[in-house]
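This is what each chain is made of:
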Amino acid sequence: MLQSQLFSKTKKDIKKDLSRGLYFLLKGDFIEEVASGVYTFLPLGYLVLKKIENLIREEMLNLGGQEIFMPALHPKSLWEKTERWEKIDPPLFKLKDRHQKELCLAPTHEELITFHAKKRISSYKDLPLALFQIQEKFRNEMRPKGGLLRQREFLMKDLYSFHEDEKSALEFYEKVKNSYLKIFNEKLDLNAKACQADVGTIGGRLSHEFMVKLEIGEDVVFFCEKCHFFANKEVVKENFCPHCKKKLQSFRAVEVGHIFFLGDKYSKVFDLKFKDKEGKEKTVLMSCFGIGVSRLMQTIAEKKSDDKGIVWPEMISPFDFHLILLFSSKEEKEIKKEGLFLYETLKKKGYSVLLDDRKKSFGEKLVDADIIGISKRLILSLRTLKEGKIEFKKRDEKKSKLFKIKEFLKIC
């Protein structure tokens, strides 16, 4: 992609009283607010979002999940079955079609997935089953704030599992919990903690939230330094560890994922049953597992940024390389010729490249590069070109290295 043609443009007139991650997401033109709690993901932001989405998708497929895509628009009748049409908090976005039939924009899909499962599960041979989607959700928040951390329209991954007994359900629950920790900690280096949590309006018998320590977070996590017990404030009854009675510590955090063992809460209402090996009819047990994909993007920006801009982890960087051409008007033709050669060569090798071919000052280009935060940076100038070299620098490192251009193209 040529940066001169990129739809995203870094901004100067951004409010200062924002969290650092949100400030740079707006300043780097990754996202733009359309209405309170509603955002457009511009090209740079959408590239990051899709990479996060694909990283999560890979893990869900590894768990044996099958991907589907359900509508966001649901009929009232589904939500009346579980009595959540009136009771869910925040309340639903409700509307009527031209025939005056009531519908809602769904914040979650337990009702609809159970509706689909009932038509396809009849025997123990159909179980266990795991279905997931990555889809837009709608939440009628009273006061959306914090950018992507509390939205009215947001992207979410939701996985639903179906089991013949509690043993199978809880074993899968643990597998998903470990998979989430792999995503958040091994792949994204967020140091997330799995915390015992309240089941809230989703319901069920067991729940864990995945919390990332951040001062801007709206949640409070209590923990025991000795036992490594973690729980959210809703389930902590006293300020002492339930295991060793040591006084609990606390920190502010952002929730990036939430999982629930639902039991028969939804399957019972929808009469979702199966026949076991003896031919006896039993109720299917369920679990659900969510990751806030768009919320996760800002959480990463908050955790992985410095005073100059975002430092995207390599796995989700919008481009593999940011190739920056530094030139004066006299040098433009020569530098651009070599720059385009490098650009095309890297693309042929399968890399995505943002080529800064703009007629901007050296300083402006480097400032913009820091804000955007692409993980690997290449700088080509007359000085390096005269030596047949290119400057290479990782966004999270202070020092750069010089490579012979031919050697670099061999080893990259």
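Only a predicted model underlies this, so the values are computations on that prediction, with no experimental measurement involved.

A.B. asks: Can you explain the nonpolar core? Please cite residues and give values.
C.D. replies: Formed by 57 residues in total, the largest nonpolar core has its most connected members in Phe30, Leu296 and Trp312. By size, the runner-up hydrophobic cluster in this structure holds 27 residues, among which are Trp85, Cys104, Phe162 and Val284.

A.B. asks: Describe the sheet that holds strand 21 (residues 401-404), with residues and values.
C.D. replies: The strand order across the open sheet formed by 5 strands is 18-17-19-20-21, and the pairing between neighbours is mixed. Looking at strand neighbours, the two that pair on one side only are strand 18 (353-356) and strand 21, the edges of this open sheet. For this sheet the average axis-to-axis angle between neighbouring strands, irrespective of direction, equals 25 degrees. As paired elements, strand 17 (residues 321-325) and strand 19 (residues 376-380) share 4 bridges and run parallel to each other. Among the inter-strand pairings, leucine 323 is bridged to a residue of strand 19, identified as leucine 378. With respect to the sheet, helix 9 (residues 332-348) is in contact with strand 17, strand 18, strand 19 and strand 20 (389-394), its orientation differing from that of strand 17 by roughly 170 degrees. Running at roughly 170 degrees to strand 17, helix 10 (residues 362-372) makes contact with strand 17, strand 18 and strand 19 of the sheet.

A.B. asks: Tell me about the sheet that holds strand 5 (residues 93-96), and please be specific about residues and values.
C.D. replies: Spatial strand order, 4-6-5: 3 strands in an open sheet with antiparallel pairing. Among the strands making up the open sheet, the edge pair consists of strand 4 (73-75) and strand 5. Strand-to-strand twist across the sheet, computed as the mean angle between neighbouring axes with direction ignored, equals 35 degrees. In this sheet, strand 6 (residues 102-105) lies alongside strand 5 in antiparallel orientation, the contact comprising 4 bridges. When the sheet's bridge partners are listed, lysine 96 is paired in strand 6 with glutamate 102.

A.B. asks: Before we move on, could you go through the layout of surface pockets and cite the residues and values that matter?
C.D. replies: Reported here for the second largest pocket is a volume of approximately 260 Å³. Of all the secondary-structure elements, those providing two or more residues to the lining of the second largest pocket are strand 2 (38-41), helix 2 (43-62), strand 7 (129-138) and strand 8 (153-163). Looking at the lining of the second largest pocket element by element, the count peaks at 4 residues for helix 2. Across the lining of the second largest pocket, the residue classes tally to 9 nonpolar, 2 polar and 4 charged.

A.B. asks: Kindly report on the packing of aromatic side chains, identifying the contributing residues and their values.
C.D. replies: Inspection of the entire model under this criterion finds 14 aromatic pairs. Summarising the aromatic geometry, the rings of tyrosine 23 and phenylalanine 24 are spaced 5.1 Å apart at their centres and angled 70 degrees between planes, so their arrangement reads as edge-to-face. Neither residue differs from the other here; tyrosine 23 and phenylalanine 24 are each classed as buried. Ring geometry for phenylalanine 321 against phenylalanine 408: centres 6.1 Å apart, planes inclined by 75 degrees, an arrangement best described as edge-to-face. Placement of phenylalanine 321 in strand 17 and of phenylalanine 408 in helix 12 (residues 405-411) is noted, with a sequence separation of 87 residues between them. Residues phenylalanine 321 and phenylalanine 408 agree in their burial class; the two are buried. Grouped by ring-pair contacts, the aromatic residues Phe321, Tyr351, Phe392, Phe403 and Phe408 constitute a single cluster. Over the aromatic face of tyrosine 266 sits the side chain of lysine 265, whose NZ or CZ is 5.4 Å from the ring centroid.

Here is what the cut-offs are and how they apply
- Residues numbered from 1 in each chain as written.
- Predicted model: local features only at pLDDT ≥ 70, side-chain atom pairs only at ≥ 80, totals over all residues.
- Heavy atoms only, no water.
- Core = buried A, V, L, I, M, F, W, Y, C linked by side-chain atoms within 4.5 Å.
- Buried < 20%, exposed > 50% of the residue type's maximum accessible area, 1.4 Å probe, protein only.
- Pairing = 2+ DSSP bridges.
- Helix = DSSP H or I, 4+ residues; strand = E, 2+ residues; numbered from the N terminus.
- Axes fitted to C-alpha atoms, helices over the stretch in contact; angles between N-to-C directions.
- Contact = heavy atoms within 4.5 Å.
- 1 Å grid on protein atoms, 1.4 Å probe; cavity = no way out; pocket = protein on both sides within 12 Å on 5 of 7 lines; lining within 4 Å.
- Points joined across faces, edges and corners; volume = space filled by probe spheres on them.
- Nonpolar A, V, L, I, M, F, W, Y, C, P; charged D, E, K, R; others polar.
- Phe/Tyr/Trp six-rings, centres within 6.5 Å; stacked < 30°, edge-to-face > 60°.
- Lys NZ or Arg CZ within 6 Å of the ring centre and 35° of its normal.

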